2 protein chains.
Amino acid sequence: MDVKLEYMKPGEIETRSFEIIRQELEDRGIHPDPEMDAVIRRVIHTTADFDYVDNLVFSPGAVRSMKEAIASGAWIVTDTNMARSGINRRLLSSFGGECRCFMSEDDVAAEAKKRGVTRAVVSMERAAALDRDIIVAVGNAPTALVRLYEMIRDGMISPRGIIGVPVGFVNVVEAKELILKTGVPHIVARGRKGGSNVAAAIVNAILYELDSERG
Amino acid sequence: MDVKLEYMKPGEIETRSFEIIRQELEDRGIHPDPEMDAVIRRVIHTTADFDYVDNLVFSPGAVRSMKEAIASGAWIVTDTNMARSGINRRLLSSFGGECRCFMSEDDVAAEAKKRGVTRAVVSMERAAALDRDIIVAVGNAPTALVRLYEMIRDGMISPRGIIGVPVGFVNVVEAKELILKTGVPHIVARGRKGGSNVAAAIVNAILYELDSERG
């Protein structure tokens, strides 16, 4: 190889990346709470965007609650197949969980069209109908968060956690603020930023923490 | 709905989002070159991160070249299933193309382990072996870009385009700089930022432009 690159194995690259992130956070005088540290650093690792230090909002005990949910077999529901694709489903399944996304199902599209709502709205209703412990991870559709908020308020769904990180310019900021008002354990990226990659990174951070804890 | 949200259909939300992005670019005195405008705005739409205005580097005629390649049936090869999942494959197939990712194939993992290289390296060699017109979209693995660079230099592959937007803290900046030295049409996000979502957004921007041009 005639180019100057540090030669490392993939695992070493990740370890080194997390060290760099920790160092740069320290250089900025930032020392995240240990409970949130793994999530914050993995989101920065996924985006190379240090804005998430300020954007990410955790309800008290959110990470612990979601760990407990996954450890007891909760499923993950996402609002994009891209987020689902990024989640370590092999590891999730080792805890008994599955990851579902209803967005591309034919009957979801048909029902959404008929009712004049988004597919994300219908997808969240499908999640409620699962009638099991779930964590909902939203990286794209603010309407998914709005429908979740309504269903929580109306007692139609009681998720074990919400990861609310849609990205965008219309209705996104407002939809995230709604989730902050719920009593449900949540991790929200305040403001415009987020995405399916961020949603997947947060789920994976929790999965990897859980995995390391079981030794 | 008891929350103040602009009610819009999904298509209207996207149109409005792009208007907001255009306006905010104008407010900053930024008027992207028309050839690059759709790509830049879709990446901002995907990330809500205006840094990409400065980060994205286009070789001369890169978008036009990649449009021509896709219009004549080129395939897309990605370095993550997440990027593949985010690409509008229905639209790509309407031009005769397919989207491939070799990362999760069992024999790729086995060969990588045996040779002590990354799966991304073996994946790029699989892409070369396709022996057809391809555009390579890299959102994650700098080693994919390094191997591409070597194979281009050695005449082993001649892609119709490279979308080089891995994200990260180790070897990422350097690997992207290599691609800038090739004669291959390229779109690169200089620096640390990028991601599978960004790779998919760039491919989709080109697909949507092509689609609108055929009327």
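Calculation criteria
Residues numbered from 1 in each chain as written. Chains lettered and ligands numbered in written order. Predicted model: local features only at pLDDT ≥ 70, side-chain atom pairs only at ≥ 80, totals over all residues. Heavy atoms only, no water. Axes fitted to C-alpha atoms, helices over the stretch in contact; angles between N-to-C directions. Helix = DSSP H or I, 4+ residues; strand = E, 2+ residues; numbered from the N terminus. Parallel < 35°, antiparallel > 145°, perpendicular 65-115°, else oblique. Left-handed = near helix turned anticlockwise from the far one by under 90°. Contact = heavy atoms within 4.5 Å. Nonpolar A, V, L, I, M, F, W, Y, C, P; charged D, E, K, R; others polar. Least-squares fit on C-alpha atoms with pLDDT ≥ 70 in both. Phe/Tyr/Trp six-rings, centres within 6.5 Å; stacked < 30°, edge-to-face > 60°. Buried < 20%, exposed > 50% of the residue type's maximum accessible area, 1.4 Å probe, protein only. Lys NZ or Arg CZ within 6 Å of the ring centre and 35° of its normal. Pairing = 2+ DSSP bridges. Buried area = accessible area lost by both parts, 1.4 Å probe. Salt bridge = Lys/Arg side-chain N within 4 Å of Asp/Glu carboxyl O. Polar contact = N/O pair within 3.5 Å; in protein donor to acceptor, adjacent residues only side chain to side chain. Core = buried A, V, L, I, M, F, W, Y, C linked by side-chain atoms within 4.5 Å.

**Quick notes on the packing of helix H9 (residues 142-153) of chain A against helix H10 (residues 172-180) of chain A**
Residues and elements named next belong to chain A.
No. 1: At a closest axis distance of 9 Å, the pairing of H9 and H10 adopts a crossing angle of 30°. Between H9 and H10, the angle is such that the two are roughly parallel. Here H9 and H10 pass one another in a crossing that is left-handed. Mapping the contact onto sequence places Pro142, Leu145, Val146 and Tyr149 in H9 and Val172, Ala175, Lys176, Leu178 and Ile179 in H10.
No. 2: Among the residues making up the contact of H9 with H10, the classes are represented as eight nonpolar, no polar and one charged.

**Points about the relation of the copies chain A and chain B**
No. 1: Least-squares fitting of chain A to chain B yields an RMSD of 0.0 Å, with the superposition described by an axial translation of 0.0 Å and a rotation of 180°. Read as a symmetry element, the transformation amounts to a two-fold axis. When C-alpha positions in chain A are compared against the rotation axis, the closest is assigned to Met82(A), at 2.7 Å.
No. 2: Both copies share a contact surface, since 100% of the interface residues of chain A are interface residues in chain B too.

**A word on the packing of aromatic side chains**
No. 1: According to the stated counting rule, one finds two aromatic pairs over all chains in the structure shown.
No. 2: Note on Phe50(A) and Phe169(B): the rings are 6.2 Å apart at their centroids and 90° apart in plane angle, and the pair reads as edge-to-face. Linking Phe50(A) in the loop between helix H2 (34-47) and helix H3 (52-55) with Phe169(B) in the loop between strand S5 (161-164) and helix H10 (172-180), this pair reaches from one chain into another. Both residues of the pair, Phe50(A) and Phe169(B), belong to the buried class.
No. 3: A cation over an aromatic ring shows up here: Arg28(A) above the ring of Phe50(A), its NZ or CZ 4.1 Å from the ring centre.

**A short note on the sheet that holds strand S6 (residues 186-189) of chain A**
All names here are of chain A.
No. 1: The sheet built from six strands is open, its strands ordered S1-S6-S5-S4-S2-S3 with mixed pairing. Each edge of the sheet is formed by a strand with only one pairing partner; in this case those strands are strand S1 (56-58) and strand S3 (99-101). The average angle at which neighbouring strand axes cross in this sheet is 15°, direction not considered.
No. 2: Across three bridges, strand S5 (residues 161-164) lies against S6 in parallel orientation. Bridging from a neighbouring strand, Gly164 pairs with Val188 of S6.

**Brief notes about the interface of chain A and chain B**
No. 1: With 45 residues of chain A at the interface, the matching set in chain B holds 45 residues.
No. 2: Each partner contributes to the roughly 3,400 Å² buried at the junction of chain A and chain B, and carbon and sulfur atoms together form 64% of this total.
No. 3: The partner of Lys193(B) in a salt bridge is Asp49(A), and the shortest N-O contact between them spans 4.0 Å.
No. 4: On inspection of chain A and its partner chain B, the count reaches seven residue pairs in polar contact (both at pLDDT 80 or more).
No. 5: Secondary structure elements with two or more residues in the side of chain A that touches chain B: helix H1 (10-27), H2, helix H5 (81-86), H9, H10 and helix H11 (196-213) of chain A.
No. 6: The element contributing the most residues to the side of chain A that touches chain B is H1(A), with seven residues.
No. 7: Of the residues in the side of chain A that touches chain B, the class split is 21 nonpolar, 13 polar and 11 charged.

**Considerations on the nonpolar core**
Generally speaking, nonpolar side chains in soluble globular proteins are found buried as a group.
No. 1: One finds Ile202(A) and Ile202(B) to be the most contacted residues of the largest nonpolar core, which totals 94 residues.
No. 2: Those residues within four positions of Ile202(B) in sequence are excluded, and the remaining contacts are Val39(B), Val43(B), Leu56(B), Ile163(B), Val165(B) and Ile187(B).

**Focus: the sheet that holds strand S4 (residues 134-138) of chain B**
Residues and elements named next belong to chain B.
No. 1: Read across the sheet, six strands follow the order S1-S6-S5-S4-S2-S3 without closing on themselves; strand pairing throughout is mixed. Of all the strands in the sheet, the pair left with one neighbour each is strand S1 (56-58) and strand S3 (99-101). The sheet shows a mean angle of 15° between the axes of neighbouring strands, taken without regard to direction.
No. 2: Looking at chain direction, strand S2 (residues 75-78) and S4 are connected through four bridges and run parallel. In the strand pairing of S4, Trp75 is matched with Ile134.

**So, the pattern of salt bridges**
Think of it this way: side chains of opposite charge can pair up when their charged atoms draw near.
Residues and elements named next belong to chain B.
No. 1: Applying the stated criterion across every chain yields a total of 41 salt bridges over all chains.
No. 2: Between Lys67 and Glu213 there is a salt bridge; the shortest N-O distance is 2.6 Å. Here the residue Lys67 occupies a position in helix H4 (residues 62-71), and Glu213 occupies one in helix H11 (residues 196-213), the gap between them amounting to 146 residues.
No. 3: Judged by its relative accessible area of 14%, Lys67 is buried.
No. 4: The salt bridge involving Arg214 is made with Asp211; its shortest N-O contact spans 3.0 Å.
No. 5: We classify Asp211 as partly exposed; its relative accessible area is 30%.

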